[in-house]
Amino acid sequence: MPKLGLEITWWVTIVPLSKPVLTINPPKNVAFEGEIMTFHCEAQSGSLPVLYKFYHDNSIFHKIKVPEREDSFLGSFKVSVTEENSGKYHCSAENYMGIQYSKKISLLVKELLLHPELKYKLSWSAEEILMTLTCETQLPSEMSDTQLQFRFFRNNQELGSSWSHSSEFQIPAKMCNEGHYSCSAKTEASNKWQQSQGVWTCLQVPVSQPVFTLKLPGSLAIEGHLVTLCCEVQRGSPTILFHFYHENTILKSSSVFYERKASFSFSLTEQHSGNYHCTADNGLGPKHSEVAKLFVIVPVSQPVLTFGTSGIQAVEGNLMELHCETQKGSLPILYQFYHEDVILEKISAISGRRGSFSLLLTEDHSGNYHCTADNGLGAQRSYTVSLNVAVPLSRPLLTIWTPRTPAVIGDVIQLHCEVQKGSSPILYKFYYEDTILGNSSVLSGRRALFNLSLTTEHSGNYSCEASNSLGAQLSEMKTLKVKVPVSCPVLTLRAPEAQVMVGDMVELHCESWRGSPPIQYQFYHEDVILRNSSVSFRGGVSFNLSLTIKHSGNYSCEADNGLGAQRSEVLTLSVRGRKPASDPSRSPSNSDAREPTYHNVPAWIELQPVYSNVNLKGGDVVYSEIKHFREEKTHAGEDGLNPSLLA
């Protein structure tokens, strides 16, 4: 037979929780410190297990889990409340179906005890006098059955052995020393107590003669140190009023209740030297201390270093006074003067607070100075003061540097102006004749430079001037000659007619319009030198040539003044056959060929170059371009003539 299987299925139903209810027992909104309060949180329906959470001002402060097999849904716990437990409370209940929150309730926790008040009274018997201390406090009416405990103190020292249920404490008069009394009270179940305010009490005793003391940080009373004045009595009932005196003037008053002494402190000044004492009085008559003397020693203040008197300039050779002065300090004072940290002088002042000495100034005395002041309580150093000794300028020396000799137009030369001594800053000025070329201010050093690009106008006399705050000095003059390279010379030819023939007398003239003399001129025919001539003035050179048939060809000239030769453009001349004997115009006597300045030659022509090829188809054909003179010329370099070509 087949086996029969049996399958059993359990169905578990989980029910959501109802909203929980938070309760506090005893049920009230106001509680007192130390009370035991029970907090309950319960959901009326729902499936277990349940997790309860308790909240104080929205913060979880306790959790309780109710297991599945519990018969009750209730979660509770107990707390001994304090003032910190005041606030708003609610709880939550949570199972597998979710979480539910209760409503909020408030709880105010108050102090159980008011601050106690200490009272005392004196009682007499035949044997003794007793002082009874009573610690009084109040409980809320609903807590009136609470058991209290008490303790008593004098000058913060406990009287008796420990806490007591009695609110009273008795002291025999023979033990009764004036002092500060207080008490504390607490509930029996609590560790928190309340303290009363202090009370001074006991029999009134006149003060004893006070003892006055001066307390210093060292053996000397030094200005700036803290001194403490103390006044103390060995006995006397409170309250005691202390007065502190300086030369019978009250400095300070102090009323003391808890102790038999008073004190106060202040920083010493020079004015605090003198006699001091104190008095003490508790209403039964004042008592005076003995007098104490105080002598305050004053350290020197930071000295101030000054030079000379107003209006005296620090100039080499002048006598300068140095002063070192302090505003305060006990005498004697030793002053020391320093130049660049080297001692110059020491002076001891036994009266007044100033030391001085004189110094004959040289240039080496420029620099940094300071002084120190010391009266045995520590040296003080002044701020550093700078002194600049002004030195008059020596006569400047002008030198001219040129890149070559002689100086040529276009060269850049340097003018150097230098003094051997003199204080900076120095202003240098460079002159050409009486005209300022430029200036330069030199903050350090004694030399200035000036660059000049030479032109033809720069030949002449140069000088320089140096000046500082003490005056100006002028150098000697230096003469500079600027040489000008020759320009490309212009070759011109003068002939009696436009067509030249064998036997004609012509004049060749070569001139550079620019260039420093002397100038060497050379005339060429087909690159063969015809003539050379040197002139020491401007205007060019000329020479006459009686033409033959061999003189046809190319002519040029060259000019050179030692700065480089320049060659003219080529001028071509074509000479025709013999001239007719009857032509008087071709006579050399009619052409003033030796006149180099071209004066009064209107009939003569200047031959111009033709910048195109000349095609000669026959020996008798001549191509020419002729320019006639229309103006009188005074110099060859001013007439603007160009080389001419006759072909």
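The structure presented is a predicted model; accordingly, all values stated were derived computationally and were not measured.

Reading guide: rules and limits
- Residues numbered from 1 in each chain as written.
- Predicted model: local features only at pLDDT ≥ 70, side-chain atom pairs only at ≥ 80, totals over all residues.
- Heavy atoms only, no water.
- Disulfide = S-S within 2.5 Å.
- Helix = DSSP H or I, 4+ residues; strand = E, 2+ residues; numbered from the N terminus.
- Buried < 20%, exposed > 50% of the residue type's maximum accessible area, 1.4 Å probe, protein only.
- Pairing = 2+ DSSP bridges.
- Axes fitted to C-alpha atoms, helices over the stretch in contact; angles between N-to-C directions.
- Patch = residues over 30% accessible without salt bridge, like charges linked within 9 Å, V, L, I, M, F, W, Y side chains within 5 Å.
- Areas by Shrake-Rupley, 256 points an atom, 1.4 Å probe, with all protein chains shown as cover.
- Salt bridge = Lys/Arg side-chain N within 4 Å of Asp/Glu carboxyl O.
- Contact = heavy atoms within 4.5 Å.
- Core = buried A, V, L, I, M, F, W, Y, C linked by side-chain atoms within 4.5 Å.

### Here's the deal with the state of the cysteines
Next, step 1: Evaluation of the coordinates by the stated rule reveals six disulfides.
Next, step 2: With a sulfur-sulfur separation of 2.0 Å, Cys41 is cross-linked through a disulfide to Cys91. Of note, the bridge from Cys41 to Cys91 carries an S-S torsion of about 75° and is right-handed in sense. With a gap of 50 residues between them, Cys41 in strand β3 (residues 36-42) and Cys91 in strand β7 (residues 87-95) connect regions that are remote in the sequence. In this structure, Cys41 and Cys91 share a single accessibility class: buried.
Next, step 3: Linked covalently through their sulfurs, Cys510 and Cys557 form a disulfide whose S-S length is 2.0 Å. On the S-S bond that ties Cys510 to Cys557, the torsion sits near 75°, and the link is right-handed. Placement of the pair is Cys510 in strand β48 (residues 505-511) and Cys557 in strand β52 (residues 553-560), with a sequence separation of 47 residues.
Next, step 4: A residue is classified by how much of its surface remains accessible, and Cys557, at 0% relative accessible area, is buried.
Next, step 5: A disulfide-free cysteine, Cys230 has its sulfur positioned 8.9 Å from the sulfur of Cys231, the nearest such atom.
Next, step 6: Relative accessible area serves as the criterion here: at 13%, Cys230 is assigned to the buried category.

### Side note on the sheet that holds strand β38 (residues 412-418)
Next, step 1: Judged by pairing direction, the sheet is antiparallel, and its three strands sit side by side in the order β36-β38-β41 without closing on themselves. Two strands bound the open sheet, and with one partner strand each, they are β36 (397-401) and β41 (447-453). Strand-to-strand, the axes of this sheet are offset by a mean angle of 20°, without reference to chain direction.
Next, step 2: Across five bridges, the pairing between β36 and β38 is antiparallel. Residue Trp401 lies in a different strand from β38, and its bridge partner there is Gln414.

### Considerations on the sheet that holds strand β20 (residues 226-232)
Next, step 1: Here we have three strands laid out as an open sheet, ordered β18-β20-β23, and antiparallel in their pairing. Looking at strand neighbours, the two that pair on one side only are β18 (211-215) and β23 (261-267), the edges of this open sheet. The average angle at which neighbouring strand axes cross in this sheet is 15°, direction not considered.

### Looking at a nonpolar patch on the surface
Next, step 1: Among the surface-exposed residues, Ile14, Tyr96 and Met97 lie close enough to one another that they form a single nonpolar patch of about 350 Å² accessible area.
Next, step 2: By the element assignment, Met97 lies in the loop between β7 and β8 (98-101).

### Examining the pairing of β20
Next, step 1: For β20, the buried fraction is high: five of the seven residues fall into the buried class.
Next, step 2: Here five bridges tie β18 to β20, and the two strands are oriented antiparallel to one another. Residue pairing in the sheet places Lys215 in a bridge with Thr228 of β20.
Next, step 3: Alignment of β20 against β23, held across seven bridges, turns out to be antiparallel. In the sheet register, Leu226 faces β23, and the bridge partner there is Ser267.

### Things to note about unusual backbone geometry
Next, step 1: Cis geometry marks the peptide bond from Leu48 to Pro49; its omega dihedral reads 0°.
Next, step 2: Mapped onto the fold, Pro49 is located in the loop between β3 and β4 (50-56).
Next, step 3: Cis peptide bonds are those with omega within 30 degrees of zero, and the linkage from Pro517 to Pro518 qualifies with 0°.
Next, step 4: One can find Pro518 in the loop between β48 and β49 (519-525).
Next, step 5: Of note, the phi angle at Glu340 is positive, near 50°, even though the residue is not glycine.
Next, step 6: Assignment of secondary structure puts Glu340 in the loop between β30 (333-339) and β31 (342-349).

### With respect to the side chain of Ser289
Next, step 1: Position of Ser289 among the secondary structure elements: in the loop between β25 (287-288) and β26 (292-294).
Next, step 2: Judged by relative accessible area, Ser289 falls into the buried class, the value being 8%.
Next, step 3: The residues touching Ser289, leaving out its near neighbours within four places in the chain, are Gln209, Pro210, Phe212, His277 and Cys278.

### Focus on the pattern of salt bridges
Next, step 1: Per the stated rule, a full pass over the model turns up 10 salt bridges.
Next, step 2: In this structure, Glu158 engages Arg151 in a salt bridge whose closest nitrogen and oxygen atoms are separated by 3.7 Å.
Next, step 3: On the basis of relative accessibility, which here comes to 31%, the residue Glu158 falls in the partly exposed class.
Next, step 4: Its salt-bridge partner being Arg446, residue Glu363 comes within 2.5 Å of it at the nearest N-O pair. Of this pair, Glu363 sits in the loop between β32 (354-360) and β33 (367-374) while Arg446 sits in the loop between β40 (435-442) and β41, and the two are 83 residues apart along the sequence.
Next, step 5: For Arg446, a relative accessible area of 27% corresponds to the partly exposed category.

### Thoughts on the nonpolar core
Next, step 1: Grouped together as the largest cluster of nonpolar side chains are 23 residues, with contacts concentrated most on Met37, Phe39, Val50, Tyr52, Phe54 and Leu107.
Next, step 2: Contributions of two or more residues to this core are made by β1 (21-25), β3, β4, β5 (59-66), β6 (74-80), β7 and β9 (105-110).
Next, step 3: Not counting chain neighbours up to four residues away, the residues in contact with Leu107 comprise Ile24, Lys28, Asn29, Val30, Ala31, Met37, Phe39, Asn85, Ser86, Gly87 and Tyr89.

### Remarks on the environment of Val541
Next, step 1: Note that Val541 resides in strand β51 (residues 541-546).
Next, step 2: Beyond its immediate chain neighbours, meaning those up to four positions away, Val541 contacts Leu508, His509, Cys510, Tyr521, Phe523, Ser533 and Val535.

### Overview of the pairing of β3
Next, step 1: Counting buried residues in β3 gives five out of seven residues, a clear majority hidden from the surface.
Next, step 2: In this structure, β1 lies alongside β3, joined through five bridges in antiparallel fashion. Considered in β3, the bridge of Leu22 is made with Cys41.
Next, step 3: As paired strands, β3 and β6 are joined by seven bridges and run antiparallel to one another. Paired with Phe39 across the strands is Phe77, a residue of β6.

In short, the description is geometric, and any link to function would need to be established separately.
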